[in-house]
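As a plain string of letters, each chain reads:
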Amino acid sequence: MSSSSGSNAPQAPPVHIPKPIKFLFGGSAGMGATLFVQPLDLVKNRMQLSGEGGGQKMYKNSGHAIRLIIKNEGPLALYNGLSAGLLRQATYTTTRLGIYTTLFDMVSGPDGKPPNFLMKATIGMTAGGIAALVGTPAEISLIRMCADGRLPVDQQRGYSSVFNALVRISKEEGVVTLWRGCGPTVARAMVVNAAQLASYSQAKQFILGTGYFSDNILCHFVASMISGFVTTVASMPVDISKTRIQNMRVIDGKPEYKGAIDVLSQTVRKEGFFSLWKGFTPYYVRLGPHTVLTFIFLEQLNRLYRQRYGNSS
């Protein structure tokens, strides 16, 4: 009788994670991942600016870039812009994943059935676009701090930290400059999130459906690597446009580029069509592990929260 009553006992309801905690976990996961991949982000930015305007390429490949940076600037130079990278995650990723997970729960079926791929992509684009508006000041600081070491000393901006960059940009170029390149930044974010977040959810759903994987770190790793590759292919042309606009100088009131379309047209005309994917390897090598680490950290934080408050309820 007791065993029968035990088997018929109602299961505990799933633990609900409050929205503020979802935002906090999203940003924390992104910041944790950035600590590991910041050198790859710096190399990606350097290679996207190398050979700009048809000039001589500074770096032959990712390995050559790393060797030159360490030789000329020291090993710690690979972490230039770390403070800006962390602030970007604290603002952009916190907003992005917080909005995405909230909307995902809202459109999921009453039985927990996940939304279809089109809805996932729509949610991803919405989350990415809104988050990009919040994170653009940190983004422009990151681009400039990563690029600074490749310039002659007399041309370097010399920001000491992300906060120094934000203050100086506001004073020297105007507060509006903090949102320079906002258009391509938002466009890139929408492409990245439509590809990354939707393809991650879709890949994870497919992998679990094969029956060969359980919902564990290995599953998260495989889904994240697939998501990172899809995102790299889709977003690189928009990313190089964003990088060059945010790093450009305005000389005698005349900017180097008129806008994102001008960047793309000049790049194709002077450097070739496939230069739009310049730095593919460091981009993916950076994006893949960052995607992996972000989602692994996020999944583990969610799991720990559910275990902690599920047991205490």
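Details of the structure are given in the entry above.
What counts and how
- For every chain, the first residue of its written sequence is number 1, and the numbers climb from 1 along that sequence.
- With the structure being a predicted model, the display of local features is reserved for residues of pLDDT at least 70 and the display and counting of side-chain atom pairs for 80 or more, all residues being used for whole-chain, interface and lining totals.
- In computing side-chain properties, one takes all heavy atoms of the structure into account and sets aside hydrogens as well as water.
- To qualify as a helix, a DSSP run of H or I must reach at least 4 residues; to qualify as a strand, a run of E must reach at least 2; elements of each kind are numbered from the N terminus.
- As defined in this context, the radius of gyration uses C-alpha atoms, and a globule is described by 2.2 Å times the residue total to the power 0.38.
- In this scheme, a residue with accessible area under 20% of its type's maximum is buried, one over 50% is exposed, and one in between is partly exposed, where area comes from a 1.4 Å probe on protein chains only.
- Only heavy atoms enter the contact rule, under which two residues are in contact if any of them lie within 4.5 Å.
- Accessible surface area values rest on a Shrake-Rupley calculation with a 1.4 Å probe, where residue burial reflects the displayed protein chains alone.
- Counting rule for charge: Lys and Arg are taken as positive, Asp and Glu as negative, and neither His nor the chain ends is counted.
- Just so you know, the charge point we use is NZ for Lys, CZ for Arg, CG for Asp and CD for Glu.
- For a helix, the expected span equals 1.5 Å multiplied by the number of residues minus one.
- Axes are fitted to the seven residues ending at a residue and to the seven starting at it; the angle between these axes is taken as the bend at that residue.
- Here a polar contact means two N or O atoms within 3.5 Å. Within protein one must be a hydrogen donor candidate and the other an acceptor candidate, and residues neighboring in sequence count only if both atoms are side-chain atoms.
- Any pair of Phe, Tyr and Trp rings, taking the six-membered ring for Trp, is counted once the centres come within 6.5 Å. Such a pair is stacked with planes under 30 degrees apart, edge-to-face with planes over 60 apart, and tilted for the rest.
- Two conditions define a charge located above a ring, namely a distance within 6 Å from the ring centre to NZ of Lys or CZ of Arg, and an angle within 35 degrees of the ring normal.
- A side-chain nitrogen of Lys or Arg and a carboxyl oxygen of Asp or Glu constitute a salt bridge if their distance falls within 4 Å.

Draft legend 1. The arrangement of the overall build of the chain in detail. Helix and strand content of the chain: 10 helices and 2 strands. Counting helices and strands in the order they occur from the N terminus, the chain gives α-α-α-α-α-α-α-α-β-β-α-α. Over its C-alpha trace the chain gives a radius of gyration of 21 Å, about what one expects of a compact globule, namely 20 Å for 313 residues. Principal-axis analysis of the C-alpha atoms places the extent of the chain at approximately 85 × 40 × 35 Å. Here the chain holds 313 residues, and 48% of them are scored as buried. Pairs at least 24 residues apart make up 77% of the contacts formed inside the chain by residues separated by at least 6 positions. Surface accessibility of the chain: about 15300 Å² in total, with carbon and sulfur atoms responsible for 65%. Between the centroid of the 32 positive side chains of the chain and the centroid of its 17 negative side chains there is a distance of 3 Å.

Draft legend 2. Inspection of helix α8 (residues 217-247) at higher detail. The terminal C-alpha atoms of α8 lie 37 Å apart, and with 31 residues this falls more than 12% below the ideal 45 Å at 1.5 Å per residue. The axis of α8 is deflected most strongly, by about 55 degrees, at S235, and proline P237 appears within four residues downstream. If you check the start of α8, you find a side-chain oxygen 3.2 Å away from the backbone N of L218, and it comes from N216.

Draft legend 3. Inspection of the packing of aromatic side chains at higher detail. Tallying each qualifying case throughout the model produces 7 aromatic pairs. Seen in terms of ring centroids, F229 and F280 are 6.4 Å apart; in terms of plane orientation they differ by 75 degrees. Their pairing is edge-to-face. Of this pair, F229 sits in helix α8 while F280 sits in helix α10 (residues 280-312), and the two are 51 residues apart along the sequence. On the accessibility criterion, F229 (43% relative accessible area) is partly exposed. What makes F280 partly exposed here is its relative accessible area of 27%. A centroid spacing of 4.5 Å and a plane angle of 35 degrees characterise the contact between Y305 and Y309, whose relative ring orientation is tilted. Of this pair, Y305 and Y309 both sit in helix α10, separated by 4 residues, roughly a single helical turn. We classify Y305 as buried; its relative accessible area is 14%. In textbook terms, an aromatic cluster arises when at least three aromatic residues are bridged by ring pairs, as seen for F25, Y305 and Y309. The aromatic ring of Y309 is capped on one face by R308, whose charged end is 5.2 Å from the ring centroid.

Draft legend 4. Main features of the pattern of salt bridges. According to the stated counting rule, one finds 15 salt bridges in the structure shown. Residues E173 and R144 are paired through a salt bridge, measuring 2.7 Å at the closest nitrogen-oxygen approach. Here E173, found in helix α6 (residues 162-173), pairs with R144, found in helix α5 (residues 117-147); they are 29 residues apart in sequence, far enough to count as distant. For E173, a relative accessible area of 32% corresponds to the partly exposed category. When its relative accessible area of 0% is taken as the criterion, R144 is described as buried. Note that R188 and D239 form a salt bridge whose closest N and O atoms lie 2.4 Å from each other. Of this pair, R188 sits in helix α7 (residues 182-209) while D239 sits in helix α8; the two residues are 51 residues apart in sequence, bridging distant segments of the chain. The same class applies to R188 and to D239, which are both buried. Salt bridges here are not isolated pairs; linked through shared partners, they connect D41, K44, R88, E139, R188, D239, K242 and R286.

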